[in-house]
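Here are the chains, one letter per residue:
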Amino acid sequence: MIGETFSHYTVLERLGGGGMGVVYKAEDIRLKRFVALKFLPPELTRDAAAKGRFEQEARTASALDHPNVCTIHEIDETADGQVFICMAYYDGESLRSRLARGLLSIDDTLTIAIQTAEGLAQAHEHGIVHRDIKPANVMLTRDGVPKIVDFGIATLVGRARAGDSSEIAGTVSYMSPEQARGD
């Protein structure tokens with residue numbers, strides 16, 4: 001995939017991945033900027049429920065406009081039908097990577113916690129519950145600004161998620177008791 005061009009994005013490098021996709025750094029050749037492209041794995045592209053969850057992630061996150069929430073630019077599809085989300089690229093590292101290097105100062109900890117909570121509050125005001133807040137899903141820009149990413153298992157309050165009504169989704173060690181019970 002490295003070096004390939006989809007729509008007007010040239011893929012430069014793999015940034016990471018998980019169960020619902022692989023993320024690449026790419027260049028938007030029209031606007032001359034870096035972006036992040038999250039591709040639904042090819043085997044899930046043929047799964048209507050997985051594709052629906054992926055598209056819901058894009059719609060859910062794109063409804064938010066907050067300095068501590070990842071900006072979604074668009075959702076698109078390659079010529080061979082592979083779906084991807086184009087989002088802002090943040091030059092920095094995940095909170096998980098930062099914590100692996102050592103403890104944060106109290107001031108940095110409070111700043112990150114408050115700004116992340118403000119981003120989540122904005123999501124909650126729009127009826128969106130992220131359901132997978134963990135250090136790997138908080139990016140820190142080079143300036144130390146936290147950005148909440150990966151709304152892949154987010155849910156809209158009052159609406160059932162497509163295809164997973166009985167599924168408990170999330171990272172067990174970061175789940176709330178309500179989420180672990182399937183509430």
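Up top you'll find the structure we're talking about.
So, here is what we can say about the structure in this document. (Residues numbered from 1 in each chain as written. Predicted model: local features only at pLDDT ≥ 70, side-chain atom pairs only at ≥ 80, totals over all residues. Heavy atoms only, no water.)

**Here we look at the pairing of strand β3 (residues 21-28)**
Within a regular strand, side chains alternate between the sheet's two faces.
Then comes step 1: Counting buried positions along β3 yields 6 of 8 residues, so the element is predominantly enclosed.
Then comes step 2: Note that strand β2 (residues 9-18) and β3 share 8 bridges and pair antiparallel. In the sheet register, G17 faces β3, and the bridge partner there is V22.
Then comes step 3: Counted between consecutive antiparallel strands, the loop separating β2 from β3 contains 2 residues. (Buried < 20%, exposed > 50% of the residue type's maximum accessible area, 1.4 Å probe, protein only. Helix = DSSP H or I, 4+ residues; strand = E, 2+ residues; numbered from the N terminus. Pairing = 2+ DSSP bridges.)

**Thoughts on the sheet that holds strand β1 (residues 5-6)**
Then comes step 1: Overall, antiparallel pairing links the 6 strands, which are arranged β1-β2-β3-β4-β6-β5 in an open sheet. Each edge of the open sheet is held by one strand with a lone partner, namely β1 and β5 (72-77).
Then comes step 2: Two strands pair when backbone bridges link them, and β5 and strand β6 (residues 83-88) are joined in this way by 5 bridges, in the antiparallel orientation. Paired with I72 across the strands is M87, a residue of β6.
Then comes step 3: Across the face of the sheet, helix α2 (residues 48-62) comes into contact with β4 (33-39), β5 and β6 while running at roughly 155 degrees to β5. (Contact = heavy atoms within 4.5 Å. Axes fitted to C-alpha atoms, helices over the stretch in contact; angles between N-to-C directions.)

**Some points on the packing of aromatic side chains**
Then comes step 1: Applying the stated criterion across every chain, the model contains 5 aromatic pairs.
Then comes step 2: A ring pair is formed by F6 and F39, whose centres lie 5.4 Å apart and whose planes are at 65 degrees; its orientation type is edge-to-face. Separated by 33 residues along the polypeptide, F6 in strand β1 and F39 in strand β4 bring together distant segments of the chain.
Then comes step 3: On the basis of relative accessible area, F39 is assigned to the buried category, the value being 2%.
Then comes step 4: For the pair Y9 and F84, a centre-to-centre distance of 6.1 Å together with 90 degrees between the ring planes defines the contact as edge-to-face. Placement of the pair is Y9 in strand β2 and F84 in strand β6, with a sequence separation of 75 residues. (Phe/Tyr/Trp six-rings, centres within 6.5 Å; stacked < 30°, edge-to-face > 60°.)

**What about the pattern of salt bridges?**
Then comes step 1: Here the structure, examined in full by the defined rule, presents 6 salt bridges.
Then comes step 2: Note that R101 is salt-bridged to E93, the shortest N-O span being 2.6 Å.
Then comes step 3: When its relative accessible area of 24% is taken as the criterion, E93 is described as partly exposed. (Salt bridge = Lys/Arg side-chain N within 4 Å of Asp/Glu carboxyl O.)

**Remarks on the environment of S97**
Then comes step 1: Here S97 lies in helix α3 (residues 95-100).
Then comes step 2: The sequence separation of S97 and A136 amounts to 39 residues, and the corresponding C-alpha distance is 7.6 Å.

**A short note on the environment of R96**
Then comes step 1: On the secondary structure map, R96 appears in helix α3.
Then comes step 2: Considering only alpha carbons, one finds R96 and P135, 39 residues apart in sequence, at a separation of 4.5 Å.

**With respect to unusual backbone geometry**
Then comes step 1: If you check the backbone angles, K32 has positive phi at about 55 degrees while not being a glycine.
Then comes step 2: With respect to the helices and strands, K32 occurs in the loop between β3 and β4.
Then comes step 3: Phi is positive for R131, which is not a glycine, with a value near 70 degrees.
Then comes step 4: Positionally, R131 belongs in the loop between β8 (128-129) and β9 (138-141).

**Some remarks on the nonpolar core**
Then comes step 1: Core analysis: the largest hydrophobic core is formed by 25 residues, its most contacted members being F54, L64, I85, M87 and F151.
Then comes step 2: Those elements that place two or more of their residues in this core are α2, β6 and α4 (106-125).
Then comes step 3: When sequence neighbours within four positions are dropped, the list of residues in contact with F54 reads M20, K38, F39, L40, I75, V83, F84 and I85.
Then comes step 4: F6, Y24, L37 and C86 belong to the second largest nonpolar core, which has 10 residues in total. (Core = buried A, V, L, I, M, F, W, Y, C linked by side-chain atoms within 4.5 Å.)

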